[in-house]
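So the chains spell out like this:
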Amino acid sequence: MSAARFDETIHPSTRLAIVSLLAASDWVEFGFIRDDLQLSDSALSKQLGTLEDAGYLALERVTHQRRRRVRARLTRAGRAAFDGHVAALREMLDRASAPAPGPTT
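Residues numbered from 1 in each chain as written. Predicted model: local features only at pLDDT ≥ 70, side-chain atom pairs only at ≥ 80, totals over all residues. Heavy atoms only, no water.

### Comments concerning the sheet that holds strand S2 (residues 57-64)
Strand pairing within a sheet occurs via backbone hydrogen bonds; the two strands may be parallel or antiparallel. Judged by pairing direction, the sheet is antiparallel, and its three strands sit side by side in the order S1-S3-S2 without closing on themselves. A single partner strand is all that each edge strand has here, and the edge strands are strand S1 (28-29) and S2. Two strands pair when backbone bridges link them, and S2 and strand S3 (residues 67-74) are joined in this way by eight bridges, in the antiparallel orientation. Looking at S3, one finds that Arg61 is bridged to Val70. Helix-sheet contacts for helix H1 (residues 13-23) involve S1, S2 and S3, and the interaxial angle to S3 is about 90°. (Pairing = 2+ DSSP bridges. Helix = DSSP H or I, 4+ residues; strand = E, 2+ residues; numbered from the N terminus. Contact = heavy atoms within 4.5 Å. Axes fitted to C-alpha atoms, helices over the stretch in contact; angles between N-to-C directions.)

### What to know about helix H4 (residues 76-97)
A rise of 1.5 Å per residue sets the reference length of H4, with its 22 residues, at 32 Å; its end C-alpha atoms lie 31 Å apart and thus fit the reference within 8%. Among the residues of H4, Gly78, Ala81, Phe82, Gly84, His85, Val86, Ala87 and Ala88 are the ones counted as buried. Contacts from the buried residues of H4 go to H1 and S3. (Expected span 1.5 Å × (residues − 1). Buried < 20%, exposed > 50% of the residue type's maximum accessible area, 1.4 Å probe, protein only.)

### Quick look at the packing of helix H2 (residues 30-37) against helix H3 (residues 41-53)
Two numbers describe how H2 lies on H3: the axes approach to 10 Å, and their chain directions differ by 110°. On the basis of the axis angle, H2 is roughly perpendicular to H3. At the point where H2 passes H3, the crossing takes the right-handed sense. For the pair H2 and H3, contact is made by Phe30, Ile33 and Arg34 and by Asp41, Leu44, Ser45 and Leu48, respectively. Here the contact of H2 with H3 is built from residues that sort into four nonpolar, one polar and two charged. (Parallel < 35°, antiparallel > 145°, perpendicular 65-115°, else oblique. Left-handed = near helix turned anticlockwise from the far one by under 90°. Nonpolar A, V, L, I, M, F, W, Y, C, P; charged D, E, K, R; others polar.)

### Quick notes on the layout of surface pockets
Put simply, the largest pocket is a space of about 260 Å³. If you go around the largest pocket, you meet 14 residues; those closest to its centre are Phe30, Gly31, Arg68, Arg69 and Val70. The residue makeup of the lining of the largest pocket, split by class, is four nonpolar, three polar and seven charged. (1 Å grid on protein atoms, 1.4 Å probe; cavity = no way out; pocket = protein on both sides within 12 Å on 5 of 7 lines; lining within 4 Å. Points joined across faces, edges and corners; volume = space filled by probe spheres on them.)

Here's what the structure looks like:
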């Protein structure tokens, strides 16, 4: 279990959606991510580049039947960052739903 740590790289909604999608799979095709998250090619490319630069994902470019395909997967660092970020969010939610402390006397 990763230590709870809020991650500014993962937190923006688009990157969080990408990382959560990758966390549930081994390799995920670019087109699947694009279509599932309803992003343009350029928007997805930019977000994948940011996550790759952070060391959170690996991209693989393969040629299949004369078509170039890109797929992505989380790295160990990406998985640890995602798990830590989710743990930090859970802690925040737990605090928000905890009963308010009573007055001290």
